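Residues per chain are reported as follows:
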Amino acid sequence: MPSTTRLIALATTYGAEKYFTNVYEDLVKISDRCSDEDAAKFELTPDDIVMFGGGEDIPPSYYNEVANRQAMYPVVPSKRDKLEKLFFKKAVEAGARMIGICRGAQMITALSGGKLWQHVENHNSMHTMEYNLDLLPNHLRILIPSYTTSVHHQMCRVETIPMKVDLLAWSAISPVYYDEKDKKHLPEYKEPEIFYVPNLKALCFQGHPEFDTLDGDYAIFSKSLANYYFGAKR
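Residues numbered from 1 in each chain as written. Predicted model: local features only at pLDDT ≥ 70, side-chain atom pairs only at ≥ 80, totals over all residues. Heavy atoms only, no water.

## What to know about a nonpolar patch on the surface
Okay, step 1: There is a patch of nonpolar side chains on the surface, built from Tyr14, Val151 and Phe211 and spanning about 300 Å² of accessible area.
Okay, step 2: Within the secondary structure, phenylalanine 211 sits in the loop between strand 13 (202-205) and helix 5 (217-230).
Okay, step 3: Overall, phenylalanine 211 belongs to the partly exposed group, its relative accessible area being 42%. (Patch = residues over 30% accessible without salt bridge, like charges linked within 9 Å, V, L, I, M, F, W, Y side chains within 5 Å. Areas by Shrake-Rupley, 256 points an atom, 1.4 Å probe, with all protein chains shown as cover. Salt bridge = Lys/Arg side-chain N within 4 Å of Asp/Glu carboxyl O. Helix = DSSP H or I, 4+ residues; strand = E, 2+ residues; numbered from the N terminus. Buried < 20%, exposed > 50% of the residue type's maximum accessible area, 1.4 Å probe, protein only.)

Given below as structure tokens:
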């Protein structure tokens, strides 16, 4: 008898789980108020998908930097930060899949050994993306949306992740990029919008599919992309 595919929705997800119903059968929500004991006892399987949702900034200590004054970072890691760090470790050990949305994509980047831009500009509204068509099968190419829903000021730096990353979509709209010390001008930089980390089985969206309508082009493409990587609900 086949195992049940669960979506483990951690902390705040803004209802994003409703946008990926084609890849799971059971939904398990885990609040950041979950006790440390219960979180530690929770077991994952390779059939599970862990969802890391959007929200506040991630402590720069999670990616081995000090805070730039532009970063709205917490002074110490929050209970949510610690919960997500624990479940990232559990997912890697169990071989579970992961979906990261905005902060969630940034958390996956940081916990996999990568870094974040602590501040960028022009990413708080809908905008267009470019795509690597070589990484998309034909049935996904015809679904490519003309926009992404975007609300963030920190950004994943996928080039710093110490493993293979498939950059599926990107933009180039921020005039500046702040790391822990400097403000940089990088006119050729590809700002990651959608990427997949094969070794982690992690699909990451820098934007918010759940901020689109359920029948919106970006939401449909995100759902179809998850189906491509994680398989249809059995």
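## Quick word on the sheet that holds strand 11 (residues 183-184)
Okay, step 1: Ordered in space as 6-10-11, the 3 strands form an open sheet in which the pairing is antiparallel. Looking along the sheet, the strands with just one partner apiece sit at the ends: strand 6 (119-120) and strand 11.
Okay, step 2: Where strand 10 (residues 177-178) and strand 11 come together, 2 bridges link them in antiparallel fashion. In the strand pairing of strand 11, tyrosine 177 is matched with lysine 184. (Pairing = 2+ DSSP bridges.)

## Here's the deal with the side chain of glutamate 65
Okay, step 1: Examined against the element boundaries, glutamate 65 turns out to sit in the loop between strand 3 (49-52) and helix 2 (79-94).
Okay, step 2: Buried and unpaired, glutamate 65 has lysine 115 as its nearest opposite-charge partner, separated by 4.1 Å.
Okay, step 3: When neighbours within four sequence positions are excluded, glutamate 65 is seen to be in contact with Pro60, Lys115, Leu116, Gln118, Arg157, Asp179 and Glu180. (Lys, Arg positive; Asp, Glu negative; His and termini not counted. Contact = heavy atoms within 4.5 Å.)

## With respect to the state of the cysteines
Okay, step 1: The final tally for this structure, using the stated rule, is 0 disulfides.
Okay, step 2: Not part of a disulfide, cysteine 156 finds its nearest cysteine sulfur in cysteine 204, a span of 6.4 Å. (Disulfide = S-S within 2.5 Å.)

## Description of the nonpolar core
Okay, step 1: Residues Val50, Phe87, Met98 and Phe195 are the most contacted members of the largest nonpolar core, which totals 34 residues.
Okay, step 2: For this core, the secondary structure elements donating two or more residues are strand 1 (6-10), strand 3, helix 2, helix 3 (103-111), strand 9 (166-171), strand 12 (191-197) and strand 13.
Okay, step 3: Ignoring anything within four residues of it in the chain, the contact list for methionine 98 reads Ile49, Val50, Phe52, Phe88, Ala91, Val92, Ile108, Leu200, Lys201, Ala202, Leu203 and Phe230.
Okay, step 4: Of all hydrophobic cores here, the second largest spans 29 residues; its members include Tyr24, Leu140, Phe205 and Ala219. (Core = buried A, V, L, I, M, F, W, Y, C linked by side-chain atoms within 4.5 Å.)

## Structural notes on the packing of aromatic side chains
Okay, step 1: Following the criterion strictly, the structure yields 9 aromatic pairs and no others.
Okay, step 2: Considering the side-chain rings of tryptophan 117 and tyrosine 177, the 5.4 Å spacing of their centres and the 45° angle between planes classify their relative orientation as tilted. Taken as a pair, tryptophan 117 in strand 5 (residues 115-117) and tyrosine 177 in strand 10 lie far apart in primary sequence, 60 residues in all. Like tyrosine 177, tryptophan 117 is buried.
Okay, step 3: Aromatic pair tyrosine 196 and tyrosine 229: ring centres 3.8 Å apart, planes at 15°, arrangement stacked. Highlighted residues: tyrosine 196 in strand 12 and tyrosine 229 in helix 5, separated in sequence by 33 residues. As far as burial versus exposure is concerned, tyrosine 196 and tyrosine 229 are alike and both buried.
Okay, step 4: An aromatic cluster is present here, built from Trp117, Tyr177 and Tyr189 joined pairwise through their rings.
Okay, step 5: The aromatic ring of tyrosine 62 is capped on one face by lysine 85, whose charged end is 5.0 Å from the ring centroid.
Okay, step 6: One residue, lysine 190, lies across the ring of tryptophan 170, its end atom 4.2 Å from the ring centre. (Phe/Tyr/Trp six-rings, centres within 6.5 Å; stacked < 30°, edge-to-face > 60°. Lys NZ or Arg CZ within 6 Å of the ring centre and 35° of its normal.)

## Regarding the sheet that holds strand 4 (residues 97-101)
Okay, step 1: With respect to topology, 8 strands assemble into an open sheet ordered 2-1-3-4-13-12-9-7, the strand pairing being mixed. The two strands at the open ends of the sheet, each matched to only one other strand, are strand 2 (26-30) and strand 7 (130-131).
Okay, step 2: Pairing of strand 9 with strand 12 involves 5 bridges; the strand directions are antiparallel. Note that in strand 12 the partner of leucine 167 across the bridge is phenylalanine 195.
Okay, step 3: Against the sheet, helix 2 touches strand 1, strand 2, strand 3 and strand 4, its axis set at about 155° to strand 3. (Axes fitted to C-alpha atoms, helices over the stretch in contact; angles between N-to-C directions.)

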